[in-house]
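So the chains spell out like this:
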Amino acid sequence: MGKPHDASADSFTSFHAADKTTGEPLIRVMALHALAYCERLFYLEEVEELRRADANVYDGRRLHTELEKDEEPYTLELASETLGLKGKLDCLQHRSSGWVVVEHKKGKSQKGAPWPSDRLQVMAYALLLAEHTGQEVKEAVIHYHADNQKVKIPIQPQTAGEEVKAAVARARELKASLERPPVAVPEKLCRTCSLSPVCLPEEERFALAEKPKPQRLFPPDDDRRVVHIVEQGATVGREGEQLVIGRPDGSKKPLPGINILALVLHGNVQVSTQAIHYCAANEIGLHWLSYGGHYIGAFAAGAGKVQRRHRQHQAFADHHLKVRLACRLVAAKVENQLRYVMRTIRSQPGLETEMVIQTGLNQFRDTLKEVNRQETVTADGPDFDATAVIERIRGYEGLSGRAYFEILPFILKTSAEDFLAFSGRNRRPPKDPVNALLSFGYALLYRDCVGALLAVGLEPALGFFHTPRSPAYPLALDLMELFRLLLWDIPLIGSINRRQWQKSDFEITPGQVWLNTEGRRKAIQLYESRKQEKWKHPVLNYSLSYARTIELEARLLEKEWTGQPGLFARLRLR
Ligand code: SF4
């Protein structure tokens, strides 16, 4: 094992300089590896800049770290305008026959042979190295650690050159395209693909009616957790691969970065630049909420969502699509309200005779009839005013919302004298404890919806149902409508009826009520444990946590214009 004499300094310079001087951007060797595996994978990673570090990726990183302990660590970065390539070689060996490219892989070989994508990768490295050293590279070795196979690959400069050139040309063609390639690889490749939770190939096959029931490749749960920091005066710093929470009393709590999905900073919490950089590099969302629970903003890394945002913009210029999505969204929300109230009535005999409840149920049914009718009219009518239709749907949705909150006092087992008495929805600011709880939970849900949309790469400011009348992102408000009842109202009503709240959880003034630190902790715990509960998606027919369902719905929404439509907002309370 060694280093080419003139390699590191020159190659480092050329690696960066070539990228700046060439007309065509250079293709990463690892991107060619993805291309040979699946063109859609290449597109998602290189064009849409979606990369996911799953367990396999972390295992691969660990393997390289382990190997580096036994070897002199260095990275040889090479670039070539002639080849149109750039890449980082982790390991080389010098033998009597010359330099040998060595590549370590965590998995198994293909029965003693290299996988096509691995073969293309080492051929590309060999060509880069040959150009850089001026010496022919005749051999590469791939060490598959799972079955301990060291597979030798002879390098024929001409054949390797032609194969790599063709791959680079195809990569450039795909990079220039606005169209995401279809799902077109054997299913077994998808099962081990790190991007299957993003690509949703099984759901695509299901929507195409190629499969009666999709196999779940979308993880049912996320091992990573959302960390809320509510302690005022706390700090967030970075130490190696950990984020460290500093408490005002001087104590510290280290949290491994690999376990964190997002940090939510409530009120006066400081975060260091190093911690922000770490979050950016590891796709950890950062969200700020005010002390009172208002959502302030988020930080999300990466600017590579251009294609997805462009397609979203084009999609929402299609008024028929916007109306269809609005109808489906309101139908999901109101049908869930209807089902929930019906379920409650069945468990509380006597409620069904209440006039308010009967009126509310009729309102839900009227709204459902209207949105179903509008969806059909839209499909058939050539001249329709989309703005007026959406305005009409909004009106019905508003009436159903009012009916729902008028029914709520009958479902809550609180008396008029109770500090948790509820007589209607109010906000900005909330005037009673139940409204303070509702607002706080919705702010947490809003954060999750913003996080899911950013993770999917959608522009949250561009919605199809809500209008930008407040500082809140319209698309996040749209997505929230699917989850208000499921994720917050149901567990909150349960907790109120179980008498889990005390007056001491709130700060109560004549004009405003909000949760204090203890109250916020309890609300966060209630909300986060609800998110971890699993349920079965009624259409896709597989189980997953509510937390994952938010992201799934955001991805299914995007599929309405980038893949097979028809699966968004189909979730229903059973
Ligand atoms: S999940 Fe399948 S179709 Fe999607 S990128 Fe991966 S291999 Fe390609």
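Residues numbered from 1 in each chain as written. Predicted model: local features only at pLDDT ≥ 70, side-chain atom pairs only at ≥ 80, totals over all residues. Heavy atoms only, no water.

So, helix 12 (residues 319–347)
The terminal C-alpha atoms of helix 12, which comprises 29 residues, lie 42 Å apart, in line with the 42 Å expected from a rise of 1.5 Å per residue. Backbone nitrogen of His320 and a side-chain oxygen of the N-cap are separated by 3.0 Å at the start of helix 12; the cap is Asp318. (Helix = DSSP H or I, 4+ residues; strand = E, 2+ residues; numbered from the N terminus. Expected span 1.5 Å × (residues − 1). Polar contact = N/O pair within 3.5 Å; in protein donor to acceptor, adjacent residues only side chain to side chain.)

Describing the nonpolar core
Looking at soluble globular proteins, one finds that nonpolar side chains tend to be buried together. Counting residues in hydrophobic clusters, the biggest one holds 101 residues, and the most contacted among them are Phe364, Phe464, Leu479, Leu482, Trp501, Ile550 and Phe568. If one sorts the elements of this core by residue count, helix 15 (residues 433–456) sits on top with 16 residues. Taken together, domain 2 (225–299) and domain 3 (318–411) each give at least three residues to this core, which thus spans both. Val29, Tyr144, Val151 and Ala167 belong to the second-largest nonpolar core, a separate cluster that totals 35 residues. (Core = buried A, V, L, I, M, F, W, Y, C linked by side-chain atoms within 4.5 Å. Buried < 20%, exposed > 50% of the residue type's maximum accessible area, 1.4 Å probe, protein only. Domains from an automatic or database assignment.)

Details of the pairing of strand 15 (residues 295–299)
Here strand 14 (residues 285–289) runs beside strand 15; their pairing, made up of 4 bridges, is antiparallel. Bridge pairing links Leu289 to Tyr295 in strand 15. Connecting strand 14 to the antiparallel partner strand 15 that follows it, the hairpin turn spans 5 residues, and Gly293 within it adopts a positive phi of roughly 100°. (Pairing = 2+ DSSP bridges.)

Focus on the site of the ligand
The environment of the ligand is formed by Tyr37, Cys38, Arg40, Leu41, Val183, Val185, Cys190, Cys193, Ser196, Cys199 and Pro201. Secondary structure elements with two or more residues in the shell around the ligand: helix 3 (39–47) and helix 8 (196–199). Classifying every residue of the shell around the ligand by side-chain character gives 9 nonpolar, 1 polar and 1 charged. (Near = heavy atom within 4 Å. Nonpolar A, V, L, I, M, F, W, Y, C, P; charged D, E, K, R; others polar.)

Digging into the side chain of Arg180
Along the polypeptide, Arg180 turns up in the loop between helix 6 (157–175) and helix 7 (187–191). Residue Arg180 is classed as buried on the basis of its relative accessible area, which comes to 11%. At 2.8 Å, the side chain of Arg180 forms a polar contact with the side chain of Glu48. Reaching out from Arg180, the side chain makes a polar contact with the side chain of Glu558 at a distance of 3.2 Å. Not counting residues up to four positions away in its chain, the partners in contact with Arg180 are Arg40, Tyr43, Leu44, Glu48, Arg308, Arg311, Glu558 and Thr562. (Contact = heavy atoms within 4.5 Å.)

Description of the packing of aromatic side chains
For the structure shown, the criterion picks out 9 aromatic pairs. When the ring of Phe419 is compared with that of Phe506, the centres are 6.1 Å apart and the planes differ by 65°; the resulting orientation is edge-to-face. Of this pair, Phe419 sits in the loop between helix 14 (386–411) and helix 15 while Phe506 sits in strand 16 (residues 506–508); the two residues are 87 residues apart in sequence, bridging distant segments of the chain. Residue Phe419 is classed as partly exposed on the basis of its relative accessible area, which comes to 22%. An aromatic cluster of at least three residues, connected via ring pairs, comprises Phe316, Phe464, Trp561 and Phe568. Here the guanidinium or amino end of Arg394 rests over the ring plane of Phe465, the centre of that ring lying 5.6 Å away. Geometry around Tyr442 places Arg484 over its ring, the cationic atom sitting 4.7 Å from the centre. (Phe/Tyr/Trp six-rings, centres within 6.5 Å; stacked < 30°, edge-to-face > 60°. Lys NZ or Arg CZ within 6 Å of the ring centre and 35° of its normal.)

Regarding unusual backbone geometry
Trans peptide bonds make up the majority, and among non-glycine residues the majority have a negative phi. One non-glycine residue, Asn148, lies in the positive phi region at around 50°. Along the polypeptide, Asn148 turns up in the loop between strand 6 (139–144) and strand 7 (149–154). On the basis of relative accessible area, Asn148 is assigned to the exposed category, the value being 55%. Phi at Leu200 is positive, roughly 50°, even though this residue is not glycine. Summarising the element assignment, Leu200 is placed in the loop between helix 8 and helix 9 (201–207). Since its relative accessible area comes to 0%, Leu200 is described here as buried.

Quick look at the layout of surface pockets
Any empty space left between atoms is shown by rolling a water-sized probe over those atoms. When its volume is computed, the second largest pocket comes out at roughly 1,600 Å³. Forming the walls of the second largest pocket are 48 residues, and the residues nearest its centre are Arg425, Arg427, Arg428, Leu477 and Arg484. Of all elements in the fold, only strand 15, helix 12, helix 14, helix 15, helix 16 (474–480), helix 17 (484–497) and strand 17 (513–515) reach the threshold of two or more residues within the lining of the second largest pocket. Ranked by residues supplied to the lining of the second largest pocket, first place goes to helix 14 with 8 residues. Tallied by class, the residues present in the lining of the second largest pocket amount to 22 nonpolar, 13 polar and 13 charged. Residues from two domains meet in the lining of the second largest pocket; each of domain 2 (225–299) and domain 3 (318–411) gives at least three. (1 Å grid on protein atoms, 1.4 Å probe; cavity = no way out; pocket = protein on both sides within 12 Å on 5 of 7 lines; lining within 4 Å. Points joined across faces, edges and corners; volume = space filled by probe spheres on them.)

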